[in-house]
Amino acid sequence: MADILEVKHLKKYFDVSAGTLHAVDDLNFHIEEGTTLGVVGESGCGKSTLGRVLIHLLESTDGQILYKGEDITRVNSKRLTQLRHDMQIIFQDPFASLNPRMTIYQTIAEPMQIAGGYSKQQINENVYKMMDTVGLARRLANAYPHELDGGRRQRIGIARALVMDPKFVVCDEPVSALDVSIQAQIINLLLDIQEERKITYVFITHDLMVVKYISDKIMVMYLGQMVEFADNDELFAAPTHPYTQALLSAVPQPDIHKKTERIIMKGEIKSPIDPGPGCRFAARCPYAKDICRQESPALRETKPGHIVACHFAGEL
Ligand code: SF4
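Just so it is clear, the structure is predicted and the values come from calculations on it, not from any experiment.

## Comments concerning the pairing of strand S4 (residues 62-67)
Phase 1 of the analysis: Note that strand S1 (residues 3-16) and S4 share five bridges and pair antiparallel. Paired with Val-7 across the two strands is Ile-65, which belongs to S4.
Phase 2 of the analysis: Both S4 and strand S5 (residues 70-71) contribute to a ladder of two bridges, which runs antiparallel. Opposite Leu-66, over in S5, you have Asp-71 as the bridge partner.
Phase 3 of the analysis: Here S4 folds back onto S5, and the loop between the two strands holds two residues, one of which, Lys-68, carries a positive phi near 50°.

## Description of the domain arrangement of the protein chain
Phase 1 of the analysis: When cut into domains, the protein chain gives domain 1 (3-222) and domain 2 (234-316).
Phase 2 of the analysis: Just the C-alpha atoms count here: the centres of domain 1 and domain 2 sit 28 Å apart.
Phase 3 of the analysis: Summing the contributions of domain 1 and of domain 2, the shared interface buries around 1,600 Å²; its carbon and sulfur component is 68%.
Phase 4 of the analysis: For the pair domain 1 and domain 2, the number of links is two salt bridges.
Phase 5 of the analysis: The partner of Arg-284 in a salt bridge is Glu-42, with the nearest N and O atoms 3.1 Å apart.
Phase 6 of the analysis: In this structure, the connection of domain 1 to domain 2 is made through six residue pairs in polar contact (both at pLDDT 80 or more).
Phase 7 of the analysis: Elements represented by at least two residues in the side of domain 1 that touches domain 2 include exactly strand S2 (19-32), helix H8 (208-214) and strand S9 (217-222).
Phase 8 of the analysis: Of the residues forming the side of domain 1 that touches domain 2, the biggest block, five residues, is contributed by S2.
Phase 9 of the analysis: The class makeup of the residues in the side of domain 1 that touches domain 2 is 10 nonpolar, four polar and three charged.

Cut-off values and rules
Residues numbered from 1 in each chain as written. Predicted model: local features only at pLDDT ≥ 70, side-chain atom pairs only at ≥ 80, totals over all residues. Heavy atoms only, no water. Pairing = 2+ DSSP bridges. Helix = DSSP H or I, 4+ residues; strand = E, 2+ residues; numbered from the N terminus. Domains from an automatic or database assignment. Buried area = accessible area lost by both parts, 1.4 Å probe. Salt bridge = Lys/Arg side-chain N within 4 Å of Asp/Glu carboxyl O. Polar contact = N/O pair within 3.5 Å; in protein donor to acceptor, adjacent residues only side chain to side chain. Nonpolar A, V, L, I, M, F, W, Y, C, P; charged D, E, K, R; others polar.

The following block contains the structure:
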């Protein structure tokens, strides 16, 4: 399968009063068309910022984002409007991201109206088709978001994101605010839509079970950097970075006879403001040695397609 997106040395920094916040710091990865890349990490690791930079809601500080081979990091407003058709985002909190004064029909239709070039009939057809696809009854077209439950509100968010038939969608914690039973429905809906429309997803979450269920490949982020990247099965079978090992040790095992020892991360989280050299996980890593505090570990391929940023990858 061809790559739909390739990211090279991508950086997003913010100037803050205490210095420069390294939210996304030198990321390199690629995504194959029609697949899902899961991005996992604790809150504040930069995963949501990454999602917004990928679809141009935030401008990058440095590096390249190649979309179907075209560098889209610096594009004019005309090209940006065209890209909006192809690249969309589904937000975490459907209630906060929906305008309470707009009906469901208006909410789903709005991206097409803003983009322009669609007739009333086309908009009508697309909106009702999308409502069918995401399982919203057509009789709800004139309802307002507050009249619906969380699951239905997220279905509106999905319909709005997909109404212009995008090829690349960032899903930013799309089920975190929902009850567990509704989470499964929404995830299965996203998978069905992906199968039907061959969409590529970047699925951002802090929930490892969700990322395992939905992803083809997984990137683990820590303080703005990629610390591990592998196929889904490989990452869960052989987590190699100490941070990934600690995250996975906290996941409940379906087999009650299988005992895993939970790794408790101790120590201060390093500040992402001017973090300086050395491994950013060193203060919390049980295996840290002097070199870890002095030199940033390079990314190394420990097995084909399995990339880890640790001085002692494969030895721990
Ligand atoms: Fe731990 Fe050192 Fe590896 Fe960082 S480089 S994860 S501190 S062993």
